[in-house]
Amino acid sequence: KAGVTQTPRYLIKTRGQQVTLSCSPISGHRSVSWYQQTPGQGLQFLFEYFSETQRNKGNFPGRFSGRQFSNSRSEMNVSTLELGDSALYLCASRLENTGELFFGEGSRLTVL
Amino acid sequence: EDQVTQSPEALRLQEGESSSLNCSYTVSGLRGLFWYRQDPGKGPEFLFTLYSAGEEKEKERLKATLTKKESFLHITAPKPEDSATYLCAVQDQAGTALIFGKGTTLSVSS
């Protein structure tokens, strides 16, 4: 069974640019969550999508947005990048009856 | 506000030297407590889910336990391949997000 797939794995952007990250969940999982991981703050919840609807949202500015498609694939977008957005962005799909999250390998974003 | 605190931040063990990692939490109605393992440069790997106080789960050299205020991850006779960061997270009854602790980085030397 294929796991959660995230692309790209690594990317470098400059301040002010925007970035789009992609996530394909485990087959059959309808929920996709996004987390930001930094050395100082650890893992922080960005948002969750279920059946193309945003179900929950964390405390991040509006520059961070996401969407989910009918095939459960999800994208997140960060506009007007800041240096502090440098982080590992993790996508996870959820097993609905247990609440367990299964994570992808992440997209490592560096903002210069 | 839901909160998760893990201790110690870092732990160094000799191969075969058993120890425990602690996860203290405050949550408005626990729906589940989760343990993950994360290797450098990789995403967290699911280990265990605990749902109620008194519950225990085991996997190879790892055993997770849960009380009303904390969870322990016991590592028996660790091997160098157990070296990783161990993350604890909670989910409350109201939400769907997991609230993570900052993790314990375990180093096991031979």
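In this text the structure is predicted, and so the values were computed from the model without any measurement.

A.B. asks: What is the right way to look at the overall build of chain A in this model?
C.D. replies: Each helix and strand counted, chain A has zero helices and 11 strands in total. Tracing chain A from N to C terminus, the helices and strands come up as β-β-β-β-β-β-β-β-β-β-β. Computed over C-alpha atoms, the radius of gyration of chain A comes to 13 Å, within 12% of the 13 Å expected from 2.2 N^0.38 for 112 residues, which places it in the range of a compact globule. Its C-alpha atoms give chain A principal-axis dimensions of about 40 × 25 × 25 Å. Looking at chain A residue by residue over its 112 residues, the buried ones come to 49%. In chain A, the share of contacts with a sequence separation of at least 24, taken over all contacts with a separation of at least 6, comes to 53%. For chain A, the accessible surface area stands at approximately 5,300 Å², while carbon and sulfur atoms represent 48% of it. Positive and negative side-chain charges in chain A, numbering 12 and 8 respectively, have mean positions lying 4 Å apart.

A.B. asks: How should I be thinking about the pattern of salt bridges in this particular structure?
C.D. replies: Close approach of charged atoms allows side chains with opposite charge to pair. Scanning the entire structure with this criterion turns up 10 salt bridges over all chains. Where R63(A) meets E82(A), a salt bridge forms, and the shortest distance between an N and an O atom there is 3.6 Å. Taken together, the residues span a long stretch of sequence, with R63(A) in the loop between β6 (53-57) and β7 (64-68) and E82(A) in the loop between β8 (74-78) and β9 (87-94) at a distance of 19 residues. Classification of R63(A) as buried rests on a relative accessible area of 17%. In this structure, K63(B) and E56(B) form a salt bridge, with 3.3 Å as the shortest nitrogen-oxygen distance. On the accessibility criterion, K63(B) (28% relative accessible area) is partly exposed. Connected through salt bridges with shared partners, the residues E48(A), R55(A) and R94(A) form a single ionic network.

What counts, and where the lines are drawn
- Residues numbered from 1 in each chain as written.
- Chains lettered and ligands numbered in written order.
- Predicted model: local features only at pLDDT ≥ 70, side-chain atom pairs only at ≥ 80, totals over all residues.
- Heavy atoms only, no water.
- Helix = DSSP H or I, 4+ residues; strand = E, 2+ residues; numbered from the N terminus.
- Rg over C-alpha atoms; globule rule 2.2 N^0.38 Å.
- Buried < 20%, exposed > 50% of the residue type's maximum accessible area, 1.4 Å probe, protein only.
- Contact = heavy atoms within 4.5 Å.
- Areas by Shrake-Rupley, 256 points an atom, 1.4 Å probe, with all protein chains shown as cover.
- Lys, Arg positive; Asp, Glu negative; His and termini not counted.
- Charge placed at Lys NZ, Arg CZ, Asp CG, Glu CD.
- Salt bridge = Lys/Arg side-chain N within 4 Å of Asp/Glu carboxyl O.

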